[in-house]
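# Observations on the model geometry
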Amino acid sequence: MADESHTILLVQYNVQLGSRCYHDFEGRSLALDYLLGIYEKELKRLNPGSKSITYDIADVHGYLDQLSDVACLECALLR
């Protein structure tokens, strides 16, 4: 089944209000992929010399918990 929703991801990276941003996606799976990509970019930034980095879902949860705020708004398309 296709992901038939419109999704807005709201992220505040730190306590500064200027770190707030939003991202607009055509589906929940794209929003979640983007959120995981944010985490992977942070891992690369923190480990610039590493050729490979491994992580599990607990690591992702820990990263999300340290962000000041994360919210996902979804509008399902009705038929």
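Criteria and cut-off values
- Residues numbered from 1 in each chain as written.
- Predicted model: local features only at pLDDT ≥ 70, side-chain atom pairs only at ≥ 80, totals over all residues.
- Heavy atoms only, no water.
- Helix = DSSP H or I, 4+ residues; strand = E, 2+ residues; numbered from the N terminus.
- Buried < 20%, exposed > 50% of the residue type's maximum accessible area, 1.4 Å probe, protein only.
- Contact = heavy atoms within 4.5 Å.
- Areas by Shrake-Rupley, 256 points an atom, 1.4 Å probe, with all protein chains shown as cover.
- Lys, Arg positive; Asp, Glu negative; His and termini not counted.
- Charge placed at Lys NZ, Arg CZ, Asp CG, Glu CD.
- Pairing = 2+ DSSP bridges.
- Axes fitted to C-alpha atoms, helices over the stretch in contact; angles between N-to-C directions.

### Topic: the overall build of the chain
- Across its full length, the chain holds 2 helices and 3 strands.
- Summarising its shape, the C-alpha atoms of the chain cover approximately 50 × 35 × 20 Å along the three principal directions.
- Counting every position in the chain, which comprises 79 residues, the buried fraction comes to 23%.
- When contacts within the chain are restricted to residue pairs at least 6 apart in sequence, those whose partners lie at least 24 apart make up 51%.
- Split by element, the accessible area of the chain, about 6,000 Å² in all, is 56% carbon and sulfur.
- In the chain, 7 positive and 12 negative side-chain charges are present, and the distance between their average locations comes to 7 Å.

### Notes on the sheet that holds strand β3 (residues 69-76)
- Pairing is antiparallel across the open sheet formed by 3 strands, whose spatial order is β2-β1-β3. With one partner strand each, in any of the chains shown, β2 (20-25) and β3 form the two edges of the open sheet. Adjacent strand axes in the sheet meet at a mean angle of 15°, parallel and antiparallel pairs treated alike.
- In this structure, strand β1 (residues 5-12) lies alongside β2, joined through 6 bridges in antiparallel fashion. Its bridge partner being in β2, L9 is matched across the sheet by H23.
- The strands that helix α1 (residues 28-46) touches are β1, β2 and β3; relative to β1, the one it contacts most, it runs at about 25°.

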